[in-house]
Amino acid sequence: MTQIAEVVVDVPTMQTNTPYSYEIPAALVNQLQPGMRVVVPFGNGGRKVQGFVWQINEDAKPNPEVTLKSIDTVMDPAPIVNTELMQLSKWLANTTYAFTITCLQTMLPNALKAKYQKWVSPTAQLPETIRVSLFGDQSELLWDDSLPADTVKQLLSLNRQHLINVRYEVSSKSQVKKVMMVKPALSPEKLSVVRTELRKTAVKQAALIDFLIANSKAISQTELERTVGVSSSILKTAETNGWLTRQAVEVYRDPFQTAVVKTKPLQLNPDQNKAVNAICAATDEGQARNFLLEGVTGSGKTEVYLQAIANALSKGEQALMLVPEISLTPQIVGRVRGRFGEKVAVLHSGLSGGERFDEWRRIQRGEAQVVVGARSAVFAPLTNLGVIVVDEEHESSYKQDDNPRYHARDVALWRGRYHQCPVVLGSATPSLESRARAEKNVYTRLLLPNRVNHQQLPQVSIIDMTEELRHHKESNFSSGLLQALQERLNRGEQSLLMLNRRGYSSFVMCRDCGFVLQCPNCDISLTLHMDTKTMKCHYCGHEEPIPHVCPNCHGRHIRYYGTGTQKVEQELTELLPTARIIRMDVDTTRRKGAHERLLKQFGDHKADILLGTQMIAKGLDFPDVTLVGVLNADTALGLPDFRASERTFQLLTQVSGRAGRAEKPGQVFIQTYNPEHYAIQLAKTQNYEQFFVREMQLRHRGNYPPYFFAVKVTASDVDERKAAEAMVKIVRQLKTVLSPQAIILGPTPGAIARVNKRYYYQLVIKYKQEPQLRDALFTILGQAQKQSRNGLQIAIDRNPMSFM
DNA sequence: AGCACGCCGACT
DNA sequence: GTCGGCGTGCTC
């Protein structure tokens, strides 16, 4: 009787997207469990790959057709993927058209990904001269892409002649951080004796021994070196002399720099109370109920989350809270940690690989009961969930834009079902999908209609910029907004200014011939960056100097157009010379921690005006901001995408909520060229319900989500014709399986036809029910794989965030 | 992905 | 005549 392990190997292709059978060696028979990582031989070379044990067949009858290979080694003492996450990975792979292995890797911290190394060593037959020239006095040589091409050729040839050996090494990227701890090995009395026997000149040693006499507790080596002022060589001598012992101790890297300030639950208003009770009831009864918590900014959603989480914890269960990356600020983390202290683990992109891995291990070992994090935290290995929260559920950053193209909200709902616990989706402006589901009672709607402390909503003014242009000279600031800014300056209050960056940035154009500088790799204009004095491509990173002479007509009349944050800042300094301005955009926040630093400066009143892009609209809470200005509300409206209105409405509503959160009333100015547009008019009154009704009618008429499902298929290739041809073939293939009710849009060139020297073509399928579509798309993916060697790439995006 | 096998052009 | 270029198929 042989035991057979089904292993999912780390080879992300369509053809290998199935478990492979391996014999379990006798030594591992009772040790191996599903969810462990193993090293297995794969392929006809001596190649070794990492794999995940998927299943173990106790007494399988081996297929006589194939002789099984045997598992090499086990990489984990215990499974690192539990049963739930194994099932989840299968579901993910099926719904997102991704490979199982890719899904497994996505769920785990990067530190657990395999690291592959190839080592070569000489055989006895290898001529001495070659051995010396290749290996010198080393016994092994690392074979990677850093080797010169001719060395690789030589190695390849020697390998064919069996003159060298190749060893494949698979290891984990993970490293457990260890700290060297130092402790006296002798009693203070004995150390005093040692002290007297030292030579007079041994000042450092004397200092060290004095310290050891006074402190018998273990101390980290670095700290000891710093406090006593001794070097590591002195410590080594001390160790050999038997005065002290050194031991490496495993530690967690601590991602929290700030201390926790304990907070107490706040008094709830009746609406909050109702919401908390409903969620708690579901937790208590173990019901997988889903809630849509609708509440304007300042209505106290976070307090509802925190009390629902507290209830789950009191029942001995755990909680998961997802927050969009951009609003995962120290403010939010601090609030959760303030309530739940050491029980909280945080997962976000600001952590280093090691910190992330350590937080993950704390969760996996059951040392953290509450997890707060961005998109990928939805895979946190909590085993006893009592409640899941998805804050700002409408945020598009919950959708991952490469494989697997999952939506964290969908994963959260899946896990809620698995754990039989409630999922709370919170937003001031829910996605149409979620709001529509609430309409059909798939979700239970919970409303927080009032701001806490009965604050009034800010007064919103819409400014018609076409009108404004007729009376004044060209400017980014209407006279109304400028006057309001001046008033804030006089009163010592703060203002937020948002520049809607999407599809709108500064470029240079020749006034003589109209030439616009384009990226050589992508079909897009280069953007002007004054800080580095260069032109940059936002898609591929290409950079070149600002031209002084037109490359086309050689004229000298180059002019800057459009509006970037830098240009606005410049104009603002001219208009309001006394104003202190902080600019926040991709350029000023690129460095780690810069984002937080700028926000703190603003919070500390080091500036009067915070000028920025979308990133200033989310999750900020500055009590002294009484004015919010949106400089260009409608740049997103012009985009040919079915979600353009929804995005604009959400953004305007959200940024308006930033004004006047304290006792001081807030004021909002929205500058636009489309003052009559419903998304803008309804954002003015914060009328989500009416926007929902209106937008749903349009979606219905256009057969858009949530009335129809959608799948976007993209083909890309360096050769434009190949991408287009592939697309045409796919359409033909799909038409044979699709019902007449399905609607195919395209194929069309991508919104930016060329990115990074690759041409993009795409196609959107809108459908209600197409039982054959899934299989057909998997088939297409399989066929595409065969061509991928020639550079053709196919991407399938189910429920895309946009059709562009 | 990455390895071996197999078929064609440019050399010793 | 062989070496090594890359196109093709397969991996328990």
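In this text, all values refer to a predicted model and were calculated from it rather than measured experimentally. (Residues numbered from 1 in each chain as written. Chains lettered and ligands numbered in written order. Predicted model: local features only at pLDDT ≥ 70, side-chain atom pairs only at ≥ 80, totals over all residues. Heavy atoms only, no water.)

K.L.:
How do you make sense of the overall build of chain A when you look at a structure like this?
P.N.:
When helices and strands are tallied, chain A shows 23 helices and 34 strands. For chain A, whose C-alpha radius of gyration is 31 Å, the value lies close to the compact-globule estimate of 28 Å for 804 residues. Projected onto its principal axes, the C-alpha coordinates of chain A cover approximately 85 × 80 × 70 Å. When the accessible area of chain A is evaluated, it comes to approximately 38300 Å², of which 50% is carbon and sulfur surface. Each charge class in chain A was averaged separately, 97 positive and 80 negative side chains, and the resulting centres sit 1 Å apart. (Helix = DSSP H or I, 4+ residues; strand = E, 2+ residues; numbered from the N terminus. Rg over C-alpha atoms; globule rule 2.2 N^0.38 Å. Areas by Shrake-Rupley, 256 points an atom, 1.4 Å probe, with all protein chains shown as cover. Lys, Arg positive; Asp, Glu negative; His and termini not counted. Charge placed at Lys NZ, Arg CZ, Asp CG, Glu CD.)

K.L.:
Got a minute to help me understand the protein's contact with DNA strand B in this structure?
P.N.:
In the vicinity of DNA strand B, the contacting residues are Val-11, Thr-13, Asn-44, Gly-45, Arg-47, Lys-118, Tyr-168 and Arg-789. Here, DNA strand B places atoms within 4 Å of the protein, and 53% of those atoms are sugar or phosphate. Within the side chain of Arg-47, one N or O atom sits 2.9 Å away from a base nitrogen of DNA strand B. In this structure, Lys-118 approaches DNA strand B through a side-chain N or O atom, which is 3.2 Å from a phosphate oxygen. In terms of residue class, the surface near DNA strand B is made up of two nonpolar, three polar and three charged. (Near = heavy atom within 4 Å. Polar contact = N/O pair within 3.5 Å; in protein donor to acceptor, adjacent residues only side chain to side chain. Nonpolar A, V, L, I, M, F, W, Y, C, P; charged D, E, K, R; others polar.)

K.L.:
Whenever I open this one, the UniProt feature "binding site: Zn(2+) 1" (unreviewed entry) in chain A confuses me. Can you help?
P.N.:
Under the UniProt annotation, the feature "binding site: Zn(2+) 1" (unreviewed entry) is placed at Cys-510, Cys-513, Cys-550 and Cys-553. A compact arrangement is adopted by the annotated residues: their sequence extent is 44 residues, whereas the largest C-alpha distance between any two is 8.6 Å. Residue position: Cys-513 is located in the loop between strand 22 (507-510) and strand 23 (527-529). A relative accessible area of 33% means that Cys-513 is categorised as partly exposed. One can find Cys-550 in the loop between strand 25 (543-545) and strand 26 (558-561). (UniProt positions renumbered as here; feature names shortened; annotations may be inferred. Buried < 20%, exposed > 50% of the residue type's maximum accessible area, 1.4 Å probe, protein only.)

K.L.:
Explain the pairing of strand 32 (residues 743-755) here, please?
P.N.:
Along a regular strand, successive side chains alternate from one face of the sheet to the other. Taken together, the seven bridges between strand 32 and strand 33 (residues 758-767) define a ladder with antiparallel strand orientation. Following the sheet pairing, Val-755 is matched in strand 33 by Arg-758. Hairpin connection between strand 32 and strand 33: a loop of two residues separates the two successive antiparallel strands, and Asn-756 in this loop has a positive phi of roughly 55 degrees. (Pairing = 2+ DSSP bridges.)

K.L.:
Hey, could you run me through the sheet that holds strand 32 in this one?
P.N.:
Adjacent strands of a sheet form backbone hydrogen bonds with each other and so pair up, either parallel or antiparallel. What the four strands build is an open sheet, ordered 32-33-31-34; its pairing is antiparallel. Strand pairing shows two members of the sheet lacking a second neighbour, strand 32 and strand 34 (793-798), which therefore form its edges. In this sheet, neighbouring strand axes are inclined to one another by 20 degrees on average, regardless of whether the strands run parallel or antiparallel. Pairing of strand 31 (residues 709-717) with strand 33, which is carried by nine bridges, proceeds in the antiparallel orientation. Opposite Thr-714, over in strand 33, you have Gln-762 as the bridge partner. Each of strand 31, strand 32, strand 33 and strand 34 is contacted by helix 22 (residues 720-737), which is oriented at about 15 degrees to strand 33, the strand it contacts most. (Axes fitted to C-alpha atoms, helices over the stretch in contact; angles between N-to-C directions. Contact = heavy atoms within 4.5 Å.)

K.L.:
Honestly, the pattern of salt bridges in this entry has me stumped. Any pointers?
P.N.:
Oppositely charged side chains may form a pair once their charged atoms are brought near each other. Per the counting criterion, the structure on display carries 32 salt bridges. Here Asp-76 ties to Arg-37 by a salt bridge, and the two come within 2.7 Å at their closest N and O atoms. Here Arg-37 lies in strand 3 (residues 37-41) and Asp-76 lies in the loop between strand 6 (73-74) and helix 1 (83-96), a separation of 39 residues in the sequence. Accessibility expressed as a relative area gives 7% for Asp-76, which makes it buried. When its relative accessible area of 2% is taken as the criterion, Arg-37 is described as buried. The partner of Arg-335 in a salt bridge is Glu-303, and the shortest N-O contact between them spans 3.5 Å. (Salt bridge = Lys/Arg side-chain N within 4 Å of Asp/Glu carboxyl O.)

K.L.:
Help me understand the protein's contact with DNA strand C in this model?
P.N.:
Contacts to DNA strand C come from 14 residues, most closely from Tyr-20, Ser-21, Gly-43, Lys-69 and Arg-789. Separating a base oxygen of DNA strand C from a backbone N or O atom of Ser-21 is a distance of 2.7 Å. Between DNA strand C and Tyr-22, the relevant distance is 3.5 Å, taken from a phosphate oxygen to a side-chain nitrogen or oxygen of the residue. Every element with two or more residues in the surface near DNA strand C is listed here: strand 2 (20-23) and helix 4 (149-160). The greatest single-element share of the surface near DNA strand C, amounting to three residues, is contributed by strand 2. In terms of residue class, the surface near DNA strand C is built from five nonpolar, five polar and four charged.

K.L.:
Just to check I follow, could you spell out the UniProt feature "domain: Helicase ATP-binding" (unreviewed entry) in chain A for this structure?
P.N.:
In the numbering used here, UniProt assigns the "domain: Helicase ATP-binding" (unreviewed entry) feature to residues 282-448. Within residues 282-448, the helical portion is 37% and the strand portion 21%, while the C-alpha atoms at the span's ends are 19 Å from each other.

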